[in-house]
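Coordinates in review
Here is what each chain is made of, one letter per residue.
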2 protein chains.
Amino acid sequence: MEHAERVLVAAGELFYRRGVRAVGMDDVRAASGVSLKRLYQCFPSKEALVVAYLERRDERWMSSLISSVEERPVKVAAVFEWLERWFGEDDFRGCGFVNAYGELGSTSEAVQEVVRRHKQRLRDYLRGLAAEAGAADPDLLAEQLLVLVDGATVTAMVNPLGAATAARAAGRAAAAAVTAACRE
Amino acid sequence: MEHAERVLVAAGELFYRRGVRAVGMDDVRAASGVSLKRLYQCFPSKEALVVAYLERRDERWMSSLISSVEERPVKVAAVFEWLERWFGEDDFRGCGFVNAYGELGSTSEAVQEVVRRHKQRLRDYLRGLAAEAGAADPDLLAEQLLVLVDGATVTAMVNPLGAATAARAAGRAAAAAVTAACRE
DNA sequence: TAGCCTAGAGAACGCTCGTTCTCTCGGGCA
DNA sequence: TGCCCGAGAGAACGAGCGTTCTCTAGGCTA
């Protein structure tokens, strides 16, 4: 495995689990087995590493969602079933992008930008599902689904015991929104 | 004004605007005009100050929401109209609680706890509105409204240009959820 | 075999910041 | 008037951490 890849795997685990600021470059070095010197050759600063981490997470998170949803007949419902499974994972700690935004958004334009891009990609994907479901206004339904996904994730993070409840409530709200969107 | 109150006013502004970690105790001292020694007499640690900030913010935020909603006839809709106005304020920077959770949740139990309490208070209030609206299952509708409020806030934070769109989309999703909840 | 280049380990540096300490000054009381 | 107490200003301290530097060892080439 490439050095950069090893670093990204280790950093992805650490940053998501413990938060970006709580993880030092030396922790990344120890977990990846890549020396500091080489680490800084691959990523010239911690900010660059964080941006790369978020981009990798975007790709993997979206792929997991999409591959899970695309094999189901009722795709909008499948989104929230996937969410519920995600919320139930042991290391679930909320949305890595929202957390990173809260930690670094005030100090790093680059982080802001990559988070925005991720949410836009998710919005675009949901817009496809909305159109497929027959919404009269797919942009509106996509925005509603995005709000429900992000809201359920925040609620699940703050209150892990109610995570499944939040996912199911969001799923039912999504169904109601789809119904309303198709009736227009 | 009491020293503690002066500190809380200054800290509230700074912590919300720039994030908790980006604001040092010396910034709070400078903004409040209260000496460091007295500051530490009022709040024995930065964590204690952060908790007090969040508790004060909870009280004021909920009061603002409630007083605005209670004078309207259709209260659920009023929640999202209030959100849209909030999102449009100059210094809007997302949900102070979610941001604090992202910044400090991994290191401070106390912060986690106060954020959880705030969301529970909001859920309780929304449950009252859900029951009043005639929902067959007010807990479910309350959870859905909570998810919509938090989701719209996150979306508005990440993409300020689309903040009003997010608030209105959430409001329409809420209306659909109310309709569905009353039809059961 | 001798010299050079690279890479890794980890020490070092500089900065930020939470927290505490010290020094000085002013005001109230005997 | 002289003393004591408290309060404020700000220096100081120590820890954490991003980033860079140094030293050493090992392998490759002539």
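Definitions and limits used
- Residues numbered from 1 in each chain as written.
- Chains lettered and ligands numbered in written order.
- Predicted model: local features only at pLDDT ≥ 70, side-chain atom pairs only at ≥ 80, totals over all residues.
- Heavy atoms only, no water.
- Near = heavy atom within 4 Å.
- Polar contact = N/O pair within 3.5 Å; in protein donor to acceptor, adjacent residues only side chain to side chain.
- Helix = DSSP H or I, 4+ residues; strand = E, 2+ residues; numbered from the N terminus.
- Nonpolar A, V, L, I, M, F, W, Y, C, P; charged D, E, K, R; others polar.
- Salt bridge = Lys/Arg side-chain N within 4 Å of Asp/Glu carboxyl O.
- Buried < 20%, exposed > 50% of the residue type's maximum accessible area, 1.4 Å probe, protein only.
- Least-squares fit on C-alpha atoms with pLDDT ≥ 70 in both.
- Contact = heavy atoms within 4.5 Å.
- Domains from an automatic or database assignment.
- Buried area = accessible area lost by both parts, 1.4 Å probe.

1. Looking at the protein's contact with DNA strand D
Neighbouring residues of DNA strand D: Val23(A), Gly24(A), Met25(A), Leu36(A), Lys37(A), Tyr40(A), Ser45(A), Lys46(A), Ser35(B), Lys37(B) and Arg38(B). When the atoms of DNA strand D within 4 Å of the protein are grouped by moiety, sugar and phosphate amount to 62% of the total. A distance of 2.7 Å is found between a phosphate oxygen of DNA strand D and a backbone nitrogen or oxygen belonging to Met25(A). At 3.3 Å from a phosphate oxygen of DNA strand D is found a side-chain nitrogen or oxygen belonging to Arg38(B). Contributions of two or more residues to the surface near DNA strand D are made by helix 3 (36-42) of chain A together with helix 3 (36-42) of chain B. It is helix 3 of chain A that contributes the most residues to the surface near DNA strand D, three residues altogether. Class assignment of the residues belonging to the surface near DNA strand D gives a composition of four nonpolar, three polar and four charged.

2. Here we look at the pattern of salt bridges
Once their charged atoms are close, side chains differing in charge can pair, the charge on each being opposite to the other. Counting across every chain of the model gives 28 salt bridges over all chains. For Arg29(A), the salt bridge identified is with Asp26(A), shortest N-O distance 3.0 Å. Taken together, the positions of Arg29(A) and Asp26(A), both in helix 2 (residues 25-32) and three residues apart, correspond to about one turn of that helix. For Arg29(A), a relative accessible area of 29% puts it in the partly exposed group. Judged by its relative accessible area of 42%, Asp26(A) falls in the partly exposed class. Of the charged contacts in the structure, one is a salt bridge between Glu70(B) and Lys75(B), with a shortest N-O distance of 2.9 Å. What makes Glu70(B) partly exposed here is its relative accessible area of 37%. Residue Lys75(B) is classed as buried on the basis of its relative accessible area, which comes to 16%.

3. Let's talk about the relation of the copies chain B and chain A
Least-squares fitting of chain B to chain A yields an RMSD of 0.0 Å, with the superposition described by an axial translation of 0.0 Å and a rotation of 180 degrees. The two molecules are tied by a two-fold rotation axis, judged by turn and shift. Judged by C-alpha distance, Gly151(B) is the residue of chain B that lies nearest the rotation axis, at 1.7 Å. Mapped onto chain A, 98% of the interface residues of chain B are again interface residues, and the two copies thus contact each other with one and the same surface.

4. Concerning the domain arrangement of chain A
Residue and element names in this part refer to chain A. Splitting chain A by domain gives domain 1 (1-44) and domain 2 (46-183). Taking only C-alpha atoms, the centre of domain 1 and the centre of domain 2 are 26 Å apart. Contacts between the two partners involve 19 residues from domain 1 and, on the opposite side, 16 residues from domain 2. Carbon and sulfur atoms supply 64% of the area buried between domain 1 and domain 2, which totals about 1,700 Å² over both sides. For the domain 1 face of the interface with domain 2, the top three residues by lost area are Tyr 16, Val 20 and Arg 21, together amounting to 42%. Summed over the shared surface of domain 1 and domain 2, the result is one salt bridge. The residue Arg 56 makes a salt bridge to Glu 5 at a minimum N-O spacing of 3.9 Å.

5. Topic: the environment of Ala133(B)
Residue and element names in this part refer to chain B. Tracing the backbone through its elements, the reader meets Ala 133 in the loop between helix 7 (109-132) and helix 8 (138-158). For Ala 133, a relative accessible area of 33% corresponds to the partly exposed category. Remark: the alpha-carbon pair of Ala 133 and Phe 15, spanning 118 residues in sequence, is separated by 36 Å. Beyond its immediate sequence surroundings of up to four residues, Ala 133 is in contact with Val 178 and Cys 182.

6. Some points on the protein's contact with DNA strand C
Near DNA strand C the following residues occur: Ser35(A), Lys37(A), Arg38(A), Val23(B), Gly24(B), Met25(B), Leu36(B), Lys37(B), Tyr40(B), Ser45(B) and Lys46(B). When the atoms of DNA strand C within 4 Å of the protein are sorted by group, sugar and phosphate make up 60%. At 3.4 Å, a side-chain N or O of Arg38(A) approaches a phosphate oxygen of DNA strand C. Residue Tyr40(B) places a side-chain N or O atom 3.0 Å away from a phosphate oxygen belonging to DNA strand C. Mapped onto the surface near DNA strand C, the elements with two or more residues apiece are helix 3 of chain A together with helix 3 of chain B. Among the elements that take part in the surface near DNA strand C, helix 3 of chain B stands out by supplying three residues, more than any other.

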